Amino acid sequence: MKVCITSKGPGPDDMMEERFGRAPFFIFFDTEGEEHNAVENPFASGAGGVGPRAAQVLIDNGAKAVVTGNVGGNALGALRAAGISIYFLREPGTVKAAFQQFKDGKLTEAV
Amino acid sequence: MNIIVASGKGGTGKTLVAANLAYALSDQKEVLLVDCDVEEPNLHLFFPQGGYELPVTTPVPVFDADRCTGCGRCAEVCRYGAITVLKEPPPLFFEKLCHSCGGCEMSCPEGAIHEEERAIGKIRFSNPRDNIILISGILDEGEVMAPRVIAAAKSYAGGHPTTILDASPGIACPVVEAMQGADYCILVTESTPFGLHDLALAESVTRCLGIPSGVIINRFSEEDDQVTDFCRSKDLPVLMTIPFDREIARIQNTGGLISESMPAYREKFADLFSRVTSAGGFSR
């Protein structure tokens, strides 16, 4: 299963970004393997309507879950409609650590 | 002659100026007042009214799920993030983000998008006093497309020879929409650092739009010469000063008009109009 972690930078050692729509990077991990790929968020500094467009990036990349700090109302609607599960993590840490916590089942799904 | 009253800072007295200017002129001619502060219209507080209303609508896309192939072209074209394309058609549409540009309908290769009108506000028309017609733009609660409602209110105003428009505070899209096409802009400020700061912003907008302007300093303090210095430096005429006066506040706060209760102000506002018309290059 593909999970997306919002990130301040392009690598798994970068810090997780707490904002969803304005995260500079989205890093996609496969829970079945070791590989990951980073996608730069073209809407990070957009004027408005960035949430649904960021959600589109996740949909297009086949994510089934996202780990982030917070999600705005429009993005929430788009992620829910696309069936992407949302997990909130609000302690600072690296992307790699966030993915590990997700894999270990330490995060609870936002409802 | 279209005169717009704007300010930058909120609460400086735009509506006081618009309402009293209209009243002072109404014994000479018919005046059309347009409340362009559609998020919080308040001119009707000075001119209680019945009147009638017409809806304001905006076109938004409607998706035909049977024709949509989920290609995603509409979402790529949408600059406002109003469309998210899911695995299964139809796309998810966020009506509050839509700017009604029509790009999605034009770009859909399947012809799966057509537009329908969605109500976002209303225009209220009334004739509260002899020679005063009031057109108020009202944006529905929770809606964001203020410029649409302002444009509708202005279109109903048509080419009335004496139109006074009351803008919203700030210098964002709604103010620019309200200012477009004005012959003269009265900038209302106050003798405070915030008043001066936002006056400078508003003045830069009128300059960009090429609208001649002048300043009214409300709650005027003789000790504060920053605003007058600024006006001098920008070659902006100070059209009128209104003192920080308890009686003015009392009349204003009960929904009264100082140009009605204090005859000196009736003259001041009438005189203001003749100076503004000559500055705007118009004869009376």
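Look above for the structure.
Since the model is a prediction, treat every value here as computed from it, not as a measurement.

A. Local environment of the overall build of chain A. Of the regular secondary structure elements, chain A holds three helices and five strands. When the elements of chain A are put in sequence order from the N terminus, they spell out β-β-β-α-β-α-β-α. Across its three principal directions, the C-alpha atoms of chain A cover 35 × 25 × 25 Å. Considering only contacts in chain A between residues 6 or more positions apart, those separated by 24 or more positions represent 48%. For chain A, the exposed surface amounts to about 5,200 Å²; the carbon and sulfur share of it is 51%. In chain A, 11 positive and 13 negative side-chain charges are present, and the distance between their average locations comes to 6 Å.

B. The arrangement of the sheet that holds strand β2 (residues 25–30) of chain A in detail. All names here are of chain A. Across the sheet, five strands lie side by side as β3-β2-β1-β4-β5; this open sheet has mixed pairing. Because the sheet does not close on itself, it has two edges, and the strands there are β3 (36–40) and β5 (85–88). On average, each strand axis in the sheet is tilted by 25° relative to the strand beside it, whichever way the strands run. When β2 meets β3, the two strands line up antiparallel, connected through five bridges. Looking at the pairing, Ile 27 lines up with Ala 38 of β3. Contacting β1 (2–7), β2, β3 and β4 (65–68), helix α1 (residues 50–60) runs over the sheet at an angle of about 25° to β2.

C. Summary view of the sheet that holds strand β10 (residues 213–220) of chain B. Residue and element names in this part refer to chain B. Judged by pairing direction, the sheet is mixed, and its nine strands sit side by side in the order β3-β6-β7-β2-β8-β1-β9-β10-β11 without closing on themselves. In this open sheet, the two strands that pair with only one neighbour each are β3 (52–63) and β11 (238–243). Adjacent strand axes in the sheet meet at a mean angle of 20° when their direction is disregarded. Two elements, strand β2 (residues 31–35) and strand β8 (residues 163–166), share four bridges in a ladder whose sense is parallel. Within the sheet, the bridge partner assigned to Val 34 lies in β8 and is Leu 165. The strands that helix α1 (residues 14–25) touches are β1 (2–6), β2, β6 (113–129), β7 (132–139), β8, β9 (184–190), β10 and β11; relative to β8, the one it contacts most, it runs at about 165°. Most of the contacts of helix α7 (residues 226–233) go to β10, to which it runs at about 175°, and overall it touches β9, β10 and β11.

D. Main features of the side chain of Arg 53 of chain A. All names here are of chain A. Residue position: Arg 53 is located in helix α1. Lacking a salt bridge, the buried Arg 53 has Asp 60 as its closest oppositely charged neighbour, with an N-O distance of 11 Å. Reaching out from Arg 53, the side chain makes a polar contact with the backbone oxygen of Gly 48 at a distance of 2.8 Å.

E. Looking closely at the environment of Ile 4 of chain B. Residue and element names in this part refer to chain B. With respect to the helices and strands, Ile 4 occurs in strand β1. Overall, Ile 4 belongs to the buried group, its relative accessible area being 0%. For Ile 4 and Thr 189, which are 185 residues apart along the polypeptide, the C-alpha to C-alpha distance reads 14 Å.

F. Main features of the interface of chain A and chain B. On the side of chain B, 13 residues touch chain A, which itself brings 11 residues to the contact. Roughly 890 Å² of surface becomes buried between chain A and chain B when both sides are summed, with 61% attributable to carbon and sulfur atoms. On the chain A side of the interface with chain B, the three residues burying the most area are Arg 53, Gln 56 and Ile 59 of chain A, jointly 45% of the side's total. Taken together, the links from chain A to chain B amount to zero salt bridges.

G. Structural detail: helix α3 (residues 95–103) of chain A. Residue and element names in this part refer to chain A. For α3, the complete set of buried residues consists of Val 95, Ala 98, Phe 99 and Phe 102. Burial along α3 is one-sided: seen end-on, the buried residues are contained in an arc of 100°. In the core, the buried residues of α3 are packed alongside β1, β2, β4 and β5. Phi turns positive, to about 70°, at Gly 105, one or two residues after α3.

H. Just the nonpolar core, in detail. Core analysis: the largest hydrophobic core is formed by 39 residues, its most contacted members being Ile 4, Ile 123 and Met 179 of chain B. Sequence-distant contacts of Met 179 of chain B, defined by excluding residues within four places in its chain, comprise Ile 4, Ala 6, Lys 154, Cys 185, Val 205, Thr 206, Leu 209 and Ile 211 of chain B.

I. Region of the structure containing the packing of aromatic side chains. Applying the stated criterion across every chain yields a total of six aromatic pairs over all chains. Consider the rings of Phe 29 of chain A and Phe 99 of chain A, whose centres lie 4.2 Å apart with planes at 10°: the pair is stacked. Of this pair, Phe 29 of chain A sits in strand β2 while Phe 99 of chain A sits in helix α3, and the two are 70 residues apart along the sequence. Taking relative accessible area as the criterion, Phe 29 of chain A reaches 5% and is therefore assigned buried. Geometrically, the ring pair formed by Phe 125 of chain B and Tyr 156 of chain B is edge-to-face, given 5.1 Å between the ring centres and 85° between the ring planes. Taken together, the residues Phe 125 of chain B in strand β6 and Tyr 156 of chain B in helix α4 (residues 146–157) connect sequence positions 31 residues apart. According to the relative accessible area criterion, Phe 125 of chain B is buried, its value standing at 11%.

The rules behind each value
Residues numbered from 1 in each chain as written. Chains lettered and ligands numbered in written order. Predicted model: local features only at pLDDT ≥ 70, side-chain atom pairs only at ≥ 80, totals over all residues. Heavy atoms only, no water. Helix = DSSP H or I, 4+ residues; strand = E, 2+ residues; numbered from the N terminus. Contact = heavy atoms within 4.5 Å. Areas by Shrake-Rupley, 256 points an atom, 1.4 Å probe, with all protein chains shown as cover. Lys, Arg positive; Asp, Glu negative; His and termini not counted. Charge placed at Lys NZ, Arg CZ, Asp CG, Glu CD. Pairing = 2+ DSSP bridges. Axes fitted to C-alpha atoms, helices over the stretch in contact; angles between N-to-C directions. Buried < 20%, exposed > 50% of the residue type's maximum accessible area, 1.4 Å probe, protein only. Salt bridge = Lys/Arg side-chain N within 4 Å of Asp/Glu carboxyl O. Polar contact = N/O pair within 3.5 Å; in protein donor to acceptor, adjacent residues only side chain to side chain. Buried area = accessible area lost by both parts, 1.4 Å probe. Arc of directions from axis to C-beta. Core = buried A, V, L, I, M, F, W, Y, C linked by side-chain atoms within 4.5 Å. Phe/Tyr/Trp six-rings, centres within 6.5 Å; stacked < 30°, edge-to-face > 60°.

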